[in-house]
Amino acid sequence: MEELDGEPTVTLIPGVNSKKKQMCFDWGPGEMLVCETSFNKKEKSETAPNCPFIYIIWKDVDVYSHILRKLFNESHGIFVGLQRIEEELTGKSRKAQLVRVSKNYRSVIRACMEEMHQFAIAAKDPASGRQFSSQVSILSAMELIWNLCEILFIEVAPAGPLLLHLLDWVRLHVCEVDSLSADVLGSENPSKHESFWNLPGNTQTLTELELKWQHWREECERHLQDGTFASSPRLESLCKIMLGDEAALLEQKELLSNWYHFLVTRLLYSHPTVKPIDLHFYAQSSLDMFLGGESSPEPLDNILMAAFEFDIHQVIKECSIALSNWWFVAHLTDLLDHCRLLQAHNLYFGSNMREFLLLEYASGLFAHHSLWQLGVDYFDYCPELGRVSLELHIERIPLNTERKALKVLRICEQRQMTEQVRSICKILAMKAVRNNRLGSALSWSIRAKDAAFATLVSDRFLRDYCERGCFSDLDLIDNLGPAMMLSDRLTFLGKYREFHRLYGEKRFGDAASLLLSLMTSQIAPRSFWMTLLTDALPLLEQKQVIFSAEQTYELMRCLEDLTSGKPERADPDAQRLQDDDIETTKVEMLRLALARNLARAIIREGSLEGS
Amino acid sequence: LGRTRAAQRGSPSCRRELCCDGDWHCTASWKTHSGSMWRVTWAHPEFGQVLASCSFDRTAAVWEEIVGESNDKLRGQSHWVKRTTLVDSRTSVTNVKFAPKHMGLMLATCSADGLVRIYEAPDVMNLSQWSLQHEISCKLSCSCISWNPSSSRAHSPMIAVGSDDSSPNAMAKVQIFEYNENTRKYAKAETLMTVTDPVHDIAFAPNLGRSFHILAIATKDVRIFTLKPVRKELTSSGGPTKFEIHIVAQFDNHNSQVWRVSWNITGTVLASSGDDGCCTGILKGNGSPVSGSSQQGNSNPSLGSTTLSLQNSLNGSSASRKHS
């Protein structure tokens, strides 16, 4: 397949002497970090590094240009629109619609060019002015190439109209730039021919046109030979030009800004009905004649030549090398693919060329703090590796704000990227726990459906409560809803908080039942039972009897369970209870309160029989 | 996540941590090992802000960032705390790498004594408890390790080990070990027989759903291999996976020893660093092998179906020229 296309470009890092020093590096999300180092394993080394800097190398700098941002944004809209209407593109209107899409892209380029041009003019210092100007010429070249591709590949102009399209093309791009000089040559001649061709509503066949044109040529020849223009060398020269005399044309070389202007002019006078397949022949000879062996073709020349040769792959390849980012080739290739022009030119990256270029372009967008969102849509339309590439990139987006995190999560959830959702929520939950923001940690755990982590955070909440006597993030816990079921500990947390609420509302009966059920249903961790029993004390000491006799028996059983210290369980709490004086006092108090309550409950239940 | 961060080993044993919120600034700098520190690596942010380092002083260490309590002077500020020191090695620990996150909080170290040790922290909230789960004997002084990042259920956990052993008996310098579910142990799956020069770095490429693996090796040149698992039915059951090994690329553009290789996120670009500076190259290959035997690299490495174009070469420069 292909080989190395040329020498790699070299980027020099200031301050690091590459002859003596080594560099270590690491990949970032959108950049590379490089710094000087020594890989020498010996402790002492003469080649100890002395450059103290770490350098950040950016590959996709264009992503950061705020003028180009409009280009990226608007072309994104066109791209997505094109993918969506793909199914609707049928029949005769298909070509027209594709041409329209192509023109949309070009108008976006031109708008960007215009804006860049304004910046160039208004630039305060010459260096940035130059930079803007060079960007303008790059955009201009891009539009030039795209336009030619539109004519040759998408419009697929047949013989006859082809030349008119090329004339427009030259007029638009070349004559625009060199308007003054081209005026002389460019304007005179088309007017003579427009009436001749009489194209709007053209009913003549190609053969008829050819015939007419031949007659006209013969007439010109006759005039030249008869010496009709002998008195005026300029008119004679003009006549020669109109007969397509190349030498005469080349004499006006300064007025022809480049070889493709020469080509189109030449074709206009000698082969106006040129067929697409013959184009490359004239193109190559025009290039050769125009350069005249004095200079060699520039990259732009090679790209245009490849287009004239209808070698789409060569066009894309040359553009990929010449341009600094993937925007152009990615969008053009995608459009050409929709025109069904790319065969299965299988690049061995497991996907076709269109997808490869889109993946590269989209990856570049992910380096940017907000343009990454555009990248998502490009990945969506890459059927083979789009999804997995998105998965890899989206995990690396720095989640600086909650808003950004939610945006990322929404994108993942929309695409059922459950693993990424889980991972991102876990990362945020962990970060929250480390910063002691338990409420945030809990909500992220719930969103991640991470039962284990939810348990962990709930434990922290409970521990906090034990230490401080109050809950944090009450709103969150009160409104857990069905999420409470995620983990037992979380359920307990929610129910325990509910107990406190009921108590606060003085619904003592409900509170009491809930409290007891937390222990009997085993939802409460044993480590918390003492706290729960202590919470029962105020209920036991109310004037009215709240716990029934049966409930009191249950509570007593729980207390004995807790304090019995069964040997095989080696309950650390039981051990602690026995050792700690305060704990012993608590237990005593509880036993007393329970006994008293039991007595009162029995009496009350005995007396109220039948009511 | 949250901010871009980088950890750097300073000289000789001081670590610096840098944080980027737009501009980079150093958030922490502290002395670590008692000898030169070789490598430092981040754990996945799912486990919090955790670093591991390894050193000439025969230890590896795990560090955690602690954010100051909200009611003291250190509110919001962070500092790093050593959670554990792994002291099993009797020689310099040359590399440390965390395992892919789907394996839990696990890391591997390799030492000059030829042993690869795999540790696990069963409780991710308690980073002081690590247990040595496996000791793999490589019989050669080890210099580098790389975990296979694939989380596919079709792939067992796998680790590649490189050696820079210069003794004359030591031949093949790259070994692949695979975890066996039945024996619950790591067993040698393959040896790359064609790599006989000292190996300085090794890196599996990210797996984008491929069935096979791609491994880059930094030795006297840059080499890229593919490892295609041979279907299990064809091999004796219960043993380690057999692989078809092919070299798909070889670059000697550095014209020197290559010290580091590293893949970008999607595995489309491999960066390497040699004595002449740093290179990045774009890979457009699926790793299809070339028919025939081993390939010799030269400065024009076109190997059959793989296209490589070196797009950038980063060099140092003593002149103060702006880099583009």
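Residues numbered from 1 in each chain as written. Chains lettered and ligands numbered in written order. Predicted model: local features only at pLDDT ≥ 70, side-chain atom pairs only at ≥ 80, totals over all residues. Heavy atoms only, no water.

Chain B is annotated in an unreviewed UniProt entry as Nucleoporin SEH1 from Sciurus vulgaris. On record in UniProt, under Sequence similarities (unreviewed entry), the comment for chain B is "Belongs to the WD repeat SEC13 family." (UniProt positions renumbered as here; feature names shortened; annotations may be inferred.)

An unreviewed UniProt entry lists chain A under the name Nuclear pore complex protein Nup85, from Sciurus vulgaris. The UniProt entry for chain A carries the following text under Subunit (unreviewed entry): "Component of the nuclear pore complex (NPC)." Quoted verbatim from the Subcellular location (unreviewed entry) heading of the UniProt record, the comment on chain A is "Nucleus, Nuclear pore complex".

Within the structure shown, the criterion is met by 29 aromatic pairs over all chains. Ring centres of Y361 of chain A and Y378 of chain A lie 5.1 Å apart, and the angle between their planes is 85 degrees; this geometry places the pair in the edge-to-face category. Here Y378 of chain A lies in helix α15 (residues 372-380) and Y361 of chain A lies in helix α14 (residues 353-365), a separation of 17 residues in the sequence. Residue classification places Y378 of chain A among the buried positions, given a relative accessible area of 0%. Ring geometry for Y179 of chain B versus Y186 of chain B: centroids 5.2 Å apart, planes at 55 degrees, classification tilted. Grouping residues by exposure puts Y179 of chain B and Y186 of chain B together as buried. Put simply, the rings of Y465, F492, Y496, F499, Y503, F508 and F528 of chain A touch in pairs and so form one group of aromatic residues. (Phe/Tyr/Trp six-rings, centres within 6.5 Å; stacked < 30°, edge-to-face > 60°. Helix = DSSP H or I, 4+ residues; strand = E, 2+ residues; numbered from the N terminus. Buried < 20%, exposed > 50% of the residue type's maximum accessible area, 1.4 Å probe, protein only.)

This part is about the sheet that holds strand β7 (residues 78-86) of chain B. Residue and element names in this part refer to chain B. Across the sheet, 4 strands lie side by side as β4-β5-β6-β7; this open sheet has antiparallel pairing. At either end of the open sheet lies a strand with only one pairing partner, and these are β4 (37-42) and β7. Going from strand to strand, the sheet's axes swing by 25 degrees on average, the running direction of each strand aside. Where strand β5 (residues 50-55) lies against strand β6 (residues 60-67), 5 bridges are found, and the strand directions are antiparallel. In the sheet register, S53 faces β6, and the bridge partner there is A61. (Pairing = 2+ DSSP bridges. Axes fitted to C-alpha atoms, helices over the stretch in contact; angles between N-to-C directions.)

Residue and element names in this part refer to chain A. Relative to the helices and strands, Q551 resides in helix α25 (residues 549-563). Among the residues examined, Q551 registers a relative accessible area of 18% and is labelled buried. On a C-alpha basis, the gap between Q551 and R94 in space is 80 Å, while along the polypeptide they are 457 residues apart. Sequence-distant contacts of Q551, that is, excluding residues within four places in its chain, are made with S513, L516 and I546. (Contact = heavy atoms within 4.5 Å.)

This next bit is on unusual backbone geometry. Residues and elements named next belong to chain A. The residue Q416 is not glycine, and still its phi comes out positive at about 55 degrees. Considering the arrangement of structural elements, one finds Q416 in the loop between α17 (402-414) and α18 (418-434). The exposure class assigned to Q416 is exposed, which follows from its relative accessible area of 57%.

This part takes up the side chain of E143 of chain A. All names here are of chain A. Inspection of the secondary structure assignment puts E143 in helix α3 (residues 126-155). A polar side-chain atom of E143 sits 2.9 Å from a polar atom in the side chain of R110. Setting aside residues no more than four positions away along its own chain, E143 makes contact with R106, I109, R110 and H173. (Polar contact = N/O pair within 3.5 Å; in protein donor to acceptor, adjacent residues only side chain to side chain.)

A few words now on helix α20 (residues 451-468) of chain A. An α-helical turn contains 3.6 residues, so a residue and the one three or four places further along point in the same direction. Residue and element names in this part refer to chain A. Helix length check: α20 (18 residues) gives 25 Å between terminal C-alpha atoms against 26 Å at 1.5 Å per residue, within 8%. What α20 keeps buried is the set F453, A454, V457, S458, F461, L462, D464 and Y465. Contacts made by the buried residues of α20 are with α18, α19 (438-448), α21 (474-478), α22 (488-504) and α24 (526-540). Once α20 finishes, G469 follows within two positions and takes phi at roughly 80 degrees, a positive value. (Expected span 1.5 Å × (residues − 1).)

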